[in-house]
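A look at the structure
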Amino acid sequence: MILTENIRISRIVTGTWKNMFFSGLTCFIAFCINELWLSNFFSFPVFVPTILGTALAFFIGFNNNQAYDRWWEARKIWGAIVNNSRTWARQVIYYIHVPDTNLEYEAEKKKEQLAKRHIAFLYALKNNLRDSDHENWTSYLTREEIQKVSEQTNKPNAILSLQTEDLEWLYRHQFIDGFRFIEINKILTSFCDDMGKSERIKNTIFPTTYNYYSRNFIWIFIYCTTIAMSHSTGIWSIILGSLLGYVFFTIQEIGQILLNPFEAIPTGIPLDQITRTIEINILEMLGEKDIPLPVQSIDGEYIM
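In this text the structure is predicted, and so the values were computed from the model without any measurement.

**Here we look at the packing of aromatic side chains**
Scanning the entire structure with this criterion turns up 13 aromatic pairs. Here the aromatic rings of Phe-21 and Phe-22 are separated by 5.2 Å at their centres, their planes lie at 80 degrees, and the arrangement is edge-to-face. An aromatic cluster of three or more residues is present, and its members are Phe-59, Tyr-212, Tyr-213 and Phe-217. In this structure, Lys-110 packs its charged tip against the face of Trp-169, placed 5.2 Å from the ring centre. We note Arg-180 situated over the ring of Tyr-95; from NZ or CZ to the ring centre the distance is 5.2 Å.

Rendered as structure tokens:
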């Protein structure tokens, strides 16, 4: 998540210098072909790059709109996870009562496990979405639970199964009445839904033809633009064509970056910050003293 509008020039140059270089190279080749050979046969019409540029702008704009919709959907999903996580912890803490004093200790332990195990679920889901093998989720599970979860390929789903198992135990021993059981189980079901939605976004590949054709159309556009402008601007057409290519390639690249909202990049969803915020909220609700610090920004520019 980018925090500042004033991004350093060095970062811009580092991320986009290839666009300018290859645009300039293409324009130079186009200018040379036109001066040495093509201009001897006919004068390239100006309306060709004009029409092509207009169509290309609409095409790239459509692609970027679709990419942003994908990014915004991911952000809404994790916004819902934040709200439901707080509701989950609150319901677990206050909805569970202990009618049998002989099981009071075990019931209180189940409360804490249900709340803290959810933190493990969030970290496991985040690692799954980012293809990370970090084991930060293990700190909130027992040794037996870690073994059970590790045996399954989908670790967040395995953690939800443990949550359901404990929830059913509490209902069977009448620590939760039927109405409250339904309410808590709805929140648990919503976590499964949000997990599935996140996995759908991650695993659904945006059609590669959009990227392929848009890049090739940009090459054709700057090639035609350079040739068309060379009659009136001369060698300056190389610079002007390079600038146009740089702009189009950079805008197209921004859309491609937004297609992967869960990647650990500055423009991605700040999963580190979101999971840490939920972790802090839940631990404070449990009355814990050892609270981790919020995730800090990187160079004051963005948060992962």
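Anyway, onward from the coordinates.
**Comments concerning the nonpolar core**
Residues Trp-78, Trp-88, Phe-121, Trp-137 and Ile-159 are the most contacted members of the largest nonpolar core, which totals 51 residues. Breaking this core down by element, the ones donating at least two residues are helix 2 (47-95), helix 3 (104-129), helix 5 (155-172), helix 6 (178-203) and helix 9 (271-285). When residues in this core are grouped by element, the largest group, 11 residues, is from helix 3. Aside from chain neighbours lying at most four places away, what touches Trp-88 is Leu-114, Ala-115, His-118, Gln-163, Ile-184, Ile-187, Leu-188 and Phe-191.

**Some thoughts on the pattern of salt bridges**
This model, assessed by the stated rule, comprises 13 salt bridges. A salt bridge links Asp-272 to Arg-130, with the nearest nitrogen and oxygen atoms 3.1 Å apart. Of this pair, Asp-272 sits in helix 9 while Arg-130 sits in the loop between helix 3 and helix 4 (143-150), placing them 142 residues apart in sequence. Under the relative-accessibility criterion, Asp-272 is labelled partly exposed at 23%.

**A word on the side chain of His-118**
In this structure, His-118 sits in helix 3. Excluding residues that lie within four positions of it along the chain, His-118 makes contacts with Ser-85, Trp-88, Gln-163, Phe-191 and Ile-282.

**Considering unusual backbone geometry**
Note: most residues except glycine have negative phi, and most peptide bonds are trans. Positioned with a positive phi, Asp-131 is a non-glycine residue whose angle comes to about 55 degrees. Structurally, Asp-131 is set in the loop between helix 3 and helix 4. Judged by its relative accessible area of 59%, Asp-131 falls in the exposed class. Residues other than glycine seldom take positive phi values, yet Gln-174 does so here, at roughly 65 degrees. Mapped onto the secondary structure, Gln-174 falls in the loop between helix 5 and helix 6.

**Remarks on the environment of Trp-236**
Mapped onto the secondary structure, Trp-236 falls in helix 8 (residues 236-258). For Trp-236, a relative accessible area of 55% gives the class exposed. Sequence separation of Trp-236 and Leu-36 is 200 residues, and the distance between their C-alpha atoms is 16 Å.

**Focus: the environment of Ala-80**
Mapped onto the elements of the fold, Ala-80 is located in helix 2. Separated by 133 residues in sequence, Ala-80 and Tyr-213 have C-alpha atoms that sit 36 Å apart.

**A look at the packing of helix 7 (residues 208-233) against helix 8**
In contact at an axis separation of 8 Å, helix 7 and helix 8 are set at 160 degrees when each is read in the N-to-C sense. Relative to helix 8, helix 7 is oriented roughly antiparallel. The two elements helix 7 and helix 8 meet at a crossing, and its hand is right-handed. In contact with Asn-211, Ser-214, Arg-215, Ile-218, Trp-219, Phe-221, Ile-222, Thr-225, Thr-226, Met-229, Ser-230 and Thr-233 of helix 7, helix 8 contributes Trp-236, Ser-237, Ile-238, Leu-240, Gly-241, Leu-244, Gly-245, Phe-248, Phe-249, Gln-252 and Gln-256. Tallied by class, residues from the contact of helix 7 with helix 8 come to 11 nonpolar, 11 polar and one charged.

Basis of the calculations
- Residues numbered from 1 in each chain as written.
- Predicted model: local features only at pLDDT ≥ 70, side-chain atom pairs only at ≥ 80, totals over all residues.
- Heavy atoms only, no water.
- Phe/Tyr/Trp six-rings, centres within 6.5 Å; stacked < 30°, edge-to-face > 60°.
- Lys NZ or Arg CZ within 6 Å of the ring centre and 35° of its normal.
- Core = buried A, V, L, I, M, F, W, Y, C linked by side-chain atoms within 4.5 Å.
- Buried < 20%, exposed > 50% of the residue type's maximum accessible area, 1.4 Å probe, protein only.
- Helix = DSSP H or I, 4+ residues; strand = E, 2+ residues; numbered from the N terminus.
- Contact = heavy atoms within 4.5 Å.
- Salt bridge = Lys/Arg side-chain N within 4 Å of Asp/Glu carboxyl O.
- Axes fitted to C-alpha atoms, helices over the stretch in contact; angles between N-to-C directions.
- Parallel < 35°, antiparallel > 145°, perpendicular 65-115°, else oblique.
- Left-handed = near helix turned anticlockwise from the far one by under 90°.
- Nonpolar A, V, L, I, M, F, W, Y, C, P; charged D, E, K, R; others polar.

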